[in-house]
Structure formats: structure tokens, C-alpha cells
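Report on the structure
What follows is the residue order along each chain.
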Amino acid sequence: MYEGDNGNKKRWWRVPTDTLTDESLMLRIGEGDQVAYGILVNRHLNMNLGFAYKLLGNKAEAEEVMQEAFIRVWKHASRWDPSRKTRFTTWFYRVVTNLCYDVGRKRKPQENVEVLDRMASDEISADNVIAVDQRSKQVKRALEELPKRQHTAIMLCYFQGLSNREAADVMEVSLNALESYLVRARRNLADILQDDKDNLLKEIG
Amino acid sequence: MNKLNDYLDEYAKSHSLNARRELIDSIMEIPRNVEQQAKISSTNLWLNIRDWGLFLVPRLSGLTAAFVLGLYMGSAGGAALAEDELARDLLDQEQSEVVALLDVEEFIFAEDIE
């Protein structure tokens with residue numbers, strides 16, 4: 001509850017929700033406030049679902065990850081410590097990333113074979129036409145072939161719009177390490193995207 | 001923006017994903033589900049304690065009864081042991097007499113040989 005000027009308690013949800021930070025919402029969720037939880041879900045669900053989907057390449061798994069991530073939000077909120085100055089976005093991306101890694105680790109070897117089969121057929125069709133959707137498939141394949149940390153770095157910086165500093169915090173690495181992941185990821189991507197390899201390599205320098 | 005960035009942008013556009021209504025609903029249900037689970041698990045703990053009680057009480061009673069019976073039988077066994085001891089002593093005495101007799105017979109026999 002926010003205190004009004006006259007000392008009367010004012011319902012916090014009458015305050016425009018835009019002015020509430022994620023961190024203050026977490027504190028309210030810690031007190032069992034389901035409205036605050038709803039606001040946080042609305043703010044972060046779609047963006048993080050897209051992130052999980054791009055990391056895993058599977059819609060159903062991405063949805064499961066999001067459910068588990070929000071269970072952790074609800075359970076962790078009572079222990080949220082504002083004095084640590086952790087940004088909710090950073091913490092939540094970290095949770096989602098780690099859950100995605102767990103899902104990736106638990107995948108059966110057969111599932112990986114299926115992915116490889118599909119990639120082989122994509123490669124054949126990609127030779128035919130240079131169309132946007134085909135190229136997207138190529139990029140998807142190329143991203144899937146990247147090492148896990150490079151893949152995550154590209155996802156966070158290019159698709160989620162995080163700064164390098166924020167992405168480094170999410171991945172719990174130094175800024176230099178993050179930048180190194182990005183450079184190597186771009187080189188590997190250019191290498192994997194064979195069709196335009198020469199052009200891309202020239203541009204990257 | 002170079003070509004790789006264009007490619008990545010195209011990919012991002014074609015792979016954007018909006019949450020389904022069902023997913024949003026299930027995520028919004030999480031607080032209620034978590035609280036219900038917490039209640040159920042605390043009830044379960046109580047039920048478990050009761051189950052353990054029902055399992056353990058008859059067995060512990062049986063063990064206690066066997067222990068008490070063992071003590072009683074153990075104390076009664078003292079007299080029986082004493083009787084055994086007495087019987088063994090008597091037997092030893094008889095055996096020594098038999099041995100003495102044998103010695104005598106041997107002596108007699110030896111005398112006869114000579």
C-alpha cells in the first residue's frame with residue numbers, strides 16, 4: 001500500500017502500472033499480491049517466450065519453460081532482496097536461459113537425430129530459391145549449430161535488445177567474454193551460411 | 001546494418017511468438033495452484049504421520065511383548081541352568097567312578113597276564 005498525502009492508505013493498483021518497476025512488483029508478489037503478478041506476466045511473457053522458443057527451437061518446450069519460470073517468480077518473490085539491486089529483467093532472463101539449458105540437456109539423443117534429419121532436408125530446399133522464409137530456415141539452422149553460449153549471446157543482444165553489459169550479467173560472464181562470444185558467433189554464422197559466406201566475411205572483416 | 005543483421009532481423013520476424021490464451025491462463029493460475037499444493041502437501045504430511053503410526057504401533061507392541069516375555073523366560077531359566085549344572089556334576093562323579101573301576105579292571109587283568 002502506498003501512503004497518501006493525508007496519511008490514508010491508497011490502493012497501490014490505482015497508481016498507473018507504468019510507473020511501477022518490476023522490482024517493486026516483485027516485492028508486492030512476495031506479499032501474495034496476484035494483481036502485481038498479473039502485471040509482471042503481461043510485461044514479460046511474450047518477450048521471454050520468444051526468447052525461449054528461439055533458444056530451443058520448439059514451441060511446446062518453450063511454453064513449459066515459461067510456466068516453470070513463472071512458478072519460480074511466484075515462489076522466489078518472498079525472498080526478493082531489493083538491497084542487492086538485481087534487475088528483475090536480468091534475473092528472469094537468467095532463469096529462462098538456465099531452464100532452456102536444462103531442457104536441452106534432458107533431450108533424448110533420438111530427438112537430436114530428428115533435428116539433424118530435418119536440417120538435411122532443409123539444406124536441399126535452401127539450394128533452390130533465395131526467399132525470405134528459406135533464408136530464415138537457414139539462419140535457424142545456423143543458429144542451432146552454434147555453441148550454446150554463443151547462441152545465447154546472439155539471442156540476448158540481437159533479438160532481445162539487451163545491451164552487452166546486461167547480456168553479460170544474464171550469462172554471468174565478463175563483458176569481454178560476452179563480446180568474444182558475439183564476435184565468434186558472427187564468424188561462425190557467416191561460416192555456416194555458406195551461400196553468402198564471402199560477402200558476409202567481407203562485411204565482418 | 002550489414003547483411004548478417006538483415007538475416008537475423010528476417011529470422012526474428014518470422015520466429016516471433018505470441019503466447020496462446022491457454023498458456024496465459026495456466027500461468028495466471030500458478031499462484032492458486034502453488035498455494036493449493038502447499039496445503040495438500042501439509043495435509044499429506046499429517047496423513048503420512050498417521051499412516052506411520054498405524055504401521056508402527058502394532059509392530060512395536062509385538063516387539064515389546066516379545067521382549068518382556070524374553071525377560072521373564074530368561075529369569076526362569078536360571079533355575080533350569082542350576083539343575084543342569086548339578087546334573088553335570090553328578091555325571092562327572094559317576095564318570096570318575098567308572099574310570100576308577102576301569103583302572104581296577106586293568107590292574108586285575110594285568111595281574112592275570114602276569
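Analysis parameters
- Residues numbered from 1 in each chain as written.
- Chains lettered and ligands numbered in written order.
- Predicted model: local features only at pLDDT ≥ 70, side-chain atom pairs only at ≥ 80, totals over all residues.
- Heavy atoms only, no water.
- Helix = DSSP H or I, 4+ residues; strand = E, 2+ residues; numbered from the N terminus.
- Buried < 20%, exposed > 50% of the residue type's maximum accessible area, 1.4 Å probe, protein only.
- Areas by Shrake-Rupley, 256 points an atom, 1.4 Å probe, with all protein chains shown as cover.
- Contact = heavy atoms within 4.5 Å.
- Buried area = accessible area lost by both parts, 1.4 Å probe.
- Salt bridge = Lys/Arg side-chain N within 4 Å of Asp/Glu carboxyl O.
- Phe/Tyr/Trp six-rings, centres within 6.5 Å; stacked < 30°, edge-to-face > 60°.
- Lys NZ or Arg CZ within 6 Å of the ring centre and 35° of its normal.
- pLDDT = per-residue confidence, 0-100.
- Polar contact = N/O pair within 3.5 Å; in protein donor to acceptor, adjacent residues only side chain to side chain.
- Axes fitted to C-alpha atoms, helices over the stretch in contact; angles between N-to-C directions.
- Parallel < 35°, antiparallel > 145°, perpendicular 65-115°, else oblique.
- Left-handed = near helix turned anticlockwise from the far one by under 90°.
- Nonpolar A, V, L, I, M, F, W, Y, C, P; charged D, E, K, R; others polar.

The helix and strand inventory of chain B stands at 3 helices and 0 strands. Taken from the N to the C terminus, the helices and strands of chain B come in the order α-α-α. Here chain B holds 114 residues, and the buried ones make up 14% of them. As displayed, chain B has an accessible area near 9,200 Å², and 63% of this comes from carbon and sulfur atoms.

Contacts between chain B and chain A engage 25 residues on the former and 35 residues on the latter. When chain B packs against chain A, close to 3,100 Å² is buried across both sides, 68% of that on carbon and sulfur atoms. Taken as a group, Tyr7(B), Tyr11(B) and Leu17(B) account for 24% of the area that chain B buries against chain A, more than any other trio of residues on that side. Here chain B is connected to chain A by 1 salt bridge. Of the charged contacts, one joins Glu63(A) and Arg20(B) as a salt bridge, the two residues approaching to 2.6 Å between their closest N and O atoms. Counting residues per element, the side of chain B that touches chain A draws most heavily on helix α1 (residues 3–14) of chain B, which supplies 9 residues.

The way to describe two aromatic rings as a pair is by their centre distance and the angle between their planes. Residues and elements named next belong to chain A. Taken as a whole, this structure holds 11 aromatic pairs over all chains when the rule is applied. Seen in terms of ring centroids, Tyr37 and Trp74 are 5.5 Å apart; in terms of plane orientation they differ by 85°. Their pairing is edge-to-face. Highlighted residues: Tyr37 in helix α2 (residues 34–56) and Trp74 in helix α3 (residues 59–76), separated in sequence by 37 residues. For the pair formed by Tyr37 and Trp74, the shared burial category is buried. Judged by centre distance (5.3 Å) and plane angle (15°), the rings of Phe88 and Phe92 are stacked. A residue pair is termed a helical-turn pair when its members lie 3 or 4 positions apart in one helix, as Phe88 and Phe92 do in helix α4 (residues 88–106) at 4 residues. Residue Phe92 is classed as buried on the basis of its relative accessible area, which comes to 1%. Members of the aromatic cluster, connected to one another through ring pairs, are Tyr37, Phe70, Trp74, Trp80, Phe88, Trp91 and Phe92. A cation sits over an aromatic face here: Lys148 above Tyr101, 4.4 Å from the ring centre.

Moving on to the confidence of the model for chain A. The predicted structure's coordinates, where accompanied by low pLDDT, should not be read in detail. Residue and element names in this part refer to chain A. The share of residues in chain A with pLDDT of 70 or more is 73%, and the mean pLDDT across the chain is 78. Mean pLDDT values over the elements of chain A span from 40, in strand β1 (residues 2–3), up to 93, in α3. Contacts from residues 1–10, a stretch scored under 50 in pLDDT, to residues over four places away or in other chains number 13 contacts. Under a pLDDT of 50 for its full length, residues 112–130 has, in the predicted model, 14 contacts with residues more than four places off or in other chains.

Residues and elements named next belong to chain A. Tracing the backbone through its elements, the reader meets His44 in helix α2. Classification of His44 by relative accessible area gives buried; the value is 10%. A distance of 3.0 Å separates polar atoms of two side chains, one belonging to His44 and the other to Asp22. Ignoring sequence-local partners within four residues, the contact set of His44 consists of Asp22, Phe88, Thr89 and Phe92.

Here we take up the packing of α2(A) against helix α2 (residues 21–28) of chain B. Across the interface, α2(A) lies against α2(B) with an axial gap of 11 Å and an inter-helix angle of 135°. It follows that α2(A) is oblique to α2(B) by the angle criterion. Relative to α2(B), α2(A) is oriented so that their crossing is right-handed. In this structure, α2(A) uses Tyr37(A), Gly38(A), Val41(A), Leu45(A) and Leu49(A) to contact α2(B), whose residues at the interface are Leu23(B), Ile24(B), Ile27(B) and Met28(B). Looking at the contact of α2(A) with α2(B) residue by residue, the classes come out as 8 nonpolar, 1 polar and no charged.

The residue Gln150(A) is located in helix α7 (residues 148–159) in this model. Sequence-distant contacts of Gln150(A), defined by excluding residues within four places in its chain, comprise Tyr181(A), Arg184(A), Ala185(A) and Asn188(A).

Turning our eyes to something else, we now look at the packing of α2(A) against α4(A). Residues and elements named next belong to chain A. With their axes 10 Å apart at the nearest point, α2 and α4 run at an angle of 35° to one another. For the crossing formed where α2 meets α4, the hand is right-handed. The residues of α4 that touch α2, namely those facing Leu40, His44, Met47, Asn48, Phe51, Ala52, Leu55 and Leu56, are Phe88, Thr89, Phe92, Tyr93, Val96, Thr97, Cys100, Val103 and Gly104. Looking at the contact of α2 with α4, its residues break down into 12 nonpolar, 5 polar and no charged.

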